[in-house]
Amino acid sequence: MYNILICDDDEDIVSALDIYLTSEGYRTIRAYDGAQALEAVQGQEVHLILMDIMMPNLDGLRATVQLRERENIPIILLTAKSEDADKVLGLNLGADDYITKPFNPIEVLARVKSQLRRYVTLGGHKGGARADLLMNGGITVDDLAKSVTVDGDAVSLTPIEYNILLLLMQQPGRVFSTRQIYELVWNDPCLGSENTVAVHIRHLREKLEIDPANPRYLKVVWGLGYKMERQSCITERNVKL
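Residue positions are counted from 1 within each chain, in the order its sequence is given. Thresholds applied to this predicted model are a pLDDT of at least 70 for local features of residues and 80 or more for the giving and counting of side-chain atom pairs; totals over whole chains, interfaces and linings are not thresholded and use all residues. Computation of side-chain values covers all heavy atoms of the structure but excludes hydrogens and water.

S.K.: How should the pairing of strand β5 (residues 97-100) be read in this particular structure?
M.R.: Categorising residues by exposure relies on relative accessible area from a 1.4 Å probe, with only protein chains included: less than 20% of the type maximum marks a residue as buried, more than 50% marks it as exposed, and the intermediate range marks it as partly exposed. Only DSSP runs of H or I reaching four residues or more are called helices, and only runs of E reaching two or more are called strands; each is numbered from the N terminus. Burial along β5 is two-sided: the residues Asp97 and Ile99 and Tyr98 and Thr100 are all buried. Looking at chain direction, strand β4 (residues 75-79) and β5 are connected through 4 bridges and run parallel. Bridge pairing in β5 places Ile76 opposite Asp97. Two strands qualify as a pair provided that DSSP identifies no fewer than 2 bridges between them.

Right, here's the structure in full:
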């Protein structure tokens, strides 16, 4: 059973979230400002936090900063539609996602399940991450199962596409030349095969990117090669500012 901390100064909102979550089998812990949230985390195991931004005593943004100094628990911010700047700031300070009030119960549960799945799969509370599980933004590569998902949806790749993606995911931010990619993936000398790499990169973008013409993940570094751009766990598909 997972423990979810609900932190909001509005008791009605806390009660509503409690109903949504307990109906799905989660155990809930209540707090009504950031200070209470910090105290609750110290006293018991918490697997996820739903945190309002605007609260007395200690607001959600400052509480998020303090939590991130010692915890990697998923934090989902609870925000009003008028708090767009605070949403961006909260994500930059270490929050994992946000939900806009008024809530849709189905959306709340979906986002909670998504963040818990990431947290548990990556071993956040049980001894560290799996070496064969790679994640960057919404892309997850499970090299043990040889599977790829984008925002939780399975993606079918050819063996060559998979191996190119695996290479880039293993060292996000590093630029690989087309020659390096070809020789590492095909295990053959690159003799005028640069265009072959470009074709496979294009196919990967079509399968992984929301807008393949303006890729978010698979970036070209002109004159040098390709790289996997580092991304947070927040994706364009589940954040709409």
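S.K.: Whenever I open this one, the nonpolar core confuses me. Can you help?
M.R.: Buried together is how nonpolar side chains tend to be arranged in soluble globular proteins. Working definition of a nonpolar core: buried Ala, Val, Leu, Ile, Met, Phe, Trp, Tyr and Cys residues. They are joined through side-chain atoms within 4.5 Å. In this structure, Ile139, Val141, Val148, Leu165 and Leu208 are the most contacted members of the largest nonpolar core, which totals 28 residues. Sorting the residues of this core by element identifies β7 (139-142), β8 (147-150), α6 (159-170), α7 (178-186), α8 (194-208) and β11 (225-228) as the ones contributing at least two each. Sort the elements by how many residues they give to this core and α6 lands first, with 7 residues. Membership of the second largest hydrophobic core comes to 23 residues, among which are Leu38, Ala40, Ile53 and Tyr119.

S.K.: Where do I start with unusual backbone geometry in this structure?
M.R.: The step from Lys101 to Pro102 runs through a cis peptide bond, and the omega angle for that step is -5 degrees. Tracing the backbone through its elements, the reader meets Pro102 in the loop between β5 and α5 (105-121). Although it is not a glycine, Asn57 adopts a positive phi angle of roughly 70 degrees. Using a relative accessible area of 63% as the deciding quantity, one classes Asn57 as exposed.

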